[in-house]
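What follows is each chain in one-letter form.
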Amino acid sequence: MGFYVPFFLFLLTCAYLPPCSSDPYDEACLTNLKQSLVDPTNSLKNWTKATFANPCSGFNSYLQGATCNNGRIYKLSLTNLSLRGSISPFLSNCTNLQALDLSSNFLTGPIPPDLQLLLNLAVLNLSSNRLSGEIPPQLAMCAYLNVIDLHDNQLTGPIPQQLGSLVRLSAFDVSNNRLSGPIPPSLGNRTGNLPKFNASSFEGNKDVYGYPLPPLKTKGLSVMAIVGIGLGSGFLSLVLSFTAVCIWLRVTEQGMAGEEGKISQLMPDY
């Protein structure tokens, strides 16, 4: 019995002590993220292998742009640092991450679908970069997302309708990309108490349409106008053809009448 009491007290004490080293998943997350980035201004000079092995001390972080929570990476905010490169799919290893902000850099490439594994993620801001490819519908797996900001990129394809299932989503911006297709009603025309998004969330995508954007301005003649012109042209052709036939018949009749008159004059009287 005497052994169990000290052992219990040891476990209880460990529960309240911050970890002395990083979580191995966080270490893999940070290592791979650094390798995927190009840092021309050396803003991430303390992002080293030694620091990755112990990035947090309780709620304090030794990394530029990182915030810790009880020894785990809780937030990454690397904004406006002239960063280049791509977004590492290994970010999904930072399983305690609740906010990811890589906005206002020069990042290229796709948004990794692997981010779906960040089940605690509440804020995703990748705006003002040069990201391409489609918006991963897998982001809908991050049920706690409150903010998705992807404006001013080069994203293509449709807006995933799955994102409309994020009931906590209160800020959504995909403006100024190269997206196409209809705005999902689950995002453009939300019902009930769900926060609604106005046209500014979708503007700047020339091939995106639907509420709350204004109706598309048609280029050139509308379909109805083309049909009308076609019908009008057909009717006009029919009238002209009918008129020409009538004139031809009239001329023919007159010619035949003249010939009959000539023949009657030449025939002898009996």
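- The name given to the protein in an unreviewed UniProt entry is Inactive LRR receptor-like serine/threonine-protein kinase BIR2, with the source organism recorded as Nelumbo nucifera.
- Quoted verbatim from the Subcellular location (unreviewed entry) field of the UniProt record, the comment on the protein reads "Cell membrane".

1. Looking at unusual backbone geometry
Okay, so step 1: Residue Pro212 follows Tyr211 across a cis peptide bond; omega there is 10°.
Okay, so step 2: Mapped onto the elements, Pro212 comes out in the loop between strand 15 (207–209) and helix 5 (223–266).
Okay, so step 3: With phi around 55°, Asn70 is a residue other than glycine that occupies positive phi space.
Okay, so step 4: Counting through the fold element by element, Asn70 comes out in the loop between strand 4 (66–69) and strand 5 (72–77).

2. Quick word on the sheet that holds strand 13 (residues 171–173)
Okay, so step 1: A sheet is described by the order of its strands in space; here 6 strands give the open sequence 4-5-7-9-11-13, paired in mixed fashion. Every interior strand has two partners, whereas the edge strands, strand 4 and strand 13, have only one. If you compare each strand with its neighbour and ignore which way they point, the axes differ by 20° on average.
Okay, so step 2: Judged from the 3 bridges that link them, strand 11 (residues 147–149) and strand 13 form a sheet pairing that is parallel. Directly across from Ile148, in strand 13, lies its bridge partner Phe172.

3. Digging into the state of the cysteines
Okay, so step 1: Applying the stated criterion to the full structure yields 2 disulfides.
Okay, so step 2: Disulfide partner of Cys56: Cys68, at an S-S distance of 1.9 Å. Looking along the S-S bond of the Cys56-Cys68 disulfide, the torsion reads about -70°, which is the left-handed sense. One end of the pair, Cys56, is in strand 2 (residues 56–57); the other, Cys68, is in strand 4, and 12 residues separate them in sequence.
Okay, so step 3: Taking relative accessible area as the criterion, Cys56 reaches 3% and is therefore assigned buried.
Okay, so step 4: Disulfide connectivity for the protein, with bonded cysteines indexed by sequence position, reads 1-4, 2-3.

4. Some details on the sheet that holds strand 12 (residues 154–157)
Okay, so step 1: Pairing within the open sheet is parallel, and its 5 strands lie in the order 8-10-12-14-15. The open sheet has two free edges, formed respectively by strand 8 (108–109) and strand 15, since each of these has just one partner strand.

Each value, and the rule that gives it
- Residues numbered from 1 in each chain as written.
- Predicted model: local features only at pLDDT ≥ 70, side-chain atom pairs only at ≥ 80, totals over all residues.
- Heavy atoms only, no water.
- UniProt positions renumbered as here; feature names shortened; annotations may be inferred.
- Helix = DSSP H or I, 4+ residues; strand = E, 2+ residues; numbered from the N terminus.
- Pairing = 2+ DSSP bridges.
- Axes fitted to C-alpha atoms, helices over the stretch in contact; angles between N-to-C directions.
- Disulfide = S-S within 2.5 Å.
- Buried < 20%, exposed > 50% of the residue type's maximum accessible area, 1.4 Å probe, protein only.

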